[in-house]
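Descriptive analysis of the structure
Listed below are the residues making up each chain.
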Amino acid sequence: MLMLVVVSLIPFLYTIYLSFHAAKFGRVTDFIGFDNYAVLLADARFWNSISIAATFVFIAVPIEFMLGLIGALVLNQNVRGRSILIPLLFMPAMMAPIVVGLLWKIMLAGSWGFLSYNVLERFDILPGTSVFASPDYALYALIFVDIWQWTPFMMLAFFAGLQALPLGPYRAAAVDGANSLQMFTHITLPMMTPLLAVIGLLRFIDAFKVFDTIYILTGGGPGTSTETPSILANKMTFEFWNIGEASALAVLVWIAFFAFCSVFYQIAKKRLNAF
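All values reported here derive from a predicted model rather than from experimental measurement.

Attention now moves to the overall build of the chain. Per the secondary structure count, the chain includes 13 helices and 2 strands. Counting all 275 residues of the chain, 40% fall into the buried class. Put simply, of all contacts in the chain between residues at least 6 apart along the chain, 63% involve residues at least 24 apart. With the model as given, the accessible surface of the chain reaches about 15,400 Å², and the carbon-plus-sulfur share is 70%.

As annotated by UniProt and renumbered to match this structure, "transmembrane region" (unreviewed entry) occupies residues 46-76, 88-117, 137-162, 183-205 and 246-268. Secondary structure content for residues 137-162 is 96% helix and 0% strand, while the C-alpha to C-alpha distance between its ends is 36 Å.

With 0 of 5 residues buried, strand β2 (residues 27-31) lies mostly on the surface of the structure. Bridging between strand β1 (residues 21-24) and β2 involves 3 bridges; their strand directions are antiparallel. What sits directly across from His21, in β2, is Phe31. What sits between β1 and β2 in their antiparallel hairpin is a turn of 2 residues, with Phe25 showing a positive phi close to 55 degrees.

Counting 39 residues, the largest nonpolar core has Phe56, Val131, Phe132 and Leu249 as its most contacted members. When contributions to this core are tallied by element, the ones reaching two or more residues are α2 (35-41), α3 (44-75), α6 (97-107), α8 (138-163), α10 (180-208), α11 (212-217), α12 (229-238) and α13 (243-271). Sequence-distant contacts of Phe56, that is, excluding residues within four places in its chain, are made with Val61, Leu139, Leu142, Ile143, Asp146, Ala207 and Val210.

A complete count under the given rule lists 6 salt bridges for this structure. With its nearest N and O atoms 2.7 Å apart, the salt bridge here joins Asp146 to Arg203. Remark: Arg203 occurs in helix α10 and Asp146 occurs in helix α8; sequence separation between them is 57 residues. No difference in accessibility class separates Asp146 from Arg203, as the two residues are buried. Several salt bridges converge on common partners, so that one network encompasses Glu64, Asp146, Arg203, Asp206 and Lys209.

Cut-off values and rules
Residues numbered from 1 in each chain as written. Predicted model: local features only at pLDDT ≥ 70, side-chain atom pairs only at ≥ 80, totals over all residues. Heavy atoms only, no water. Helix = DSSP H or I, 4+ residues; strand = E, 2+ residues; numbered from the N terminus. Buried < 20%, exposed > 50% of the residue type's maximum accessible area, 1.4 Å probe, protein only. Contact = heavy atoms within 4.5 Å. Areas by Shrake-Rupley, 256 points an atom, 1.4 Å probe, with all protein chains shown as cover. UniProt positions renumbered as here; feature names shortened; annotations may be inferred. Pairing = 2+ DSSP bridges. Core = buried A, V, L, I, M, F, W, Y, C linked by side-chain atoms within 4.5 Å. Salt bridge = Lys/Arg side-chain N within 4 Å of Asp/Glu carboxyl O.

Printed below as a string of structure tokens:
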């Protein structure tokens, strides 16, 4: 608890303090109330970053969720070589984000990257440039990288949940003549709901605040086409030195997630018995 207070609570309270003051170029001066929040909420760049993050989350996370669940169901069928396959599948999730970023920056580099040369160039999809330099495709390339990295994690988390389910209900259902689909919808899904809800929520939060891979691959560009709130806050702080507005951005994102998680918790607890 002491460690959490020192490394989390105190910096967070100081961030709230900064968000109510004129803090620029490393100097904290006058108390200005909600001015930082007003300026931020009127800034089209802020709303663009929210839109970019929402697009990223609502495409990447559902795909990761579905592919992870399907992969877990396949692994649960005692496939041959499972003991070797599982550690290999976990490799992307074990990589540091900077390694993932550098790997895919090389794979999708313009003209000479392995996938750029053999797929994008050969099929004339995006010739002569890197996909990360395209305002139309850069975000979708980042979504692809995120899916590649985190689908195995979802798969193995769901697989662990499937392995922990009791066999009794399945045997009883088989005696009653239930088929595989009926067992999945009436036994597997209800018993897996707590795990599905928790993993889905954690992945949703993590995907919204992703920073490392975007910073390495695009830096928020080209232009602002991949600029998420995390990237924008970093630029506000270390490029524009507008610390007050950056702190206000951090607080607004925290409030939004606190409200979302509270509503999600209540719904999952009452309707899904997930907590």
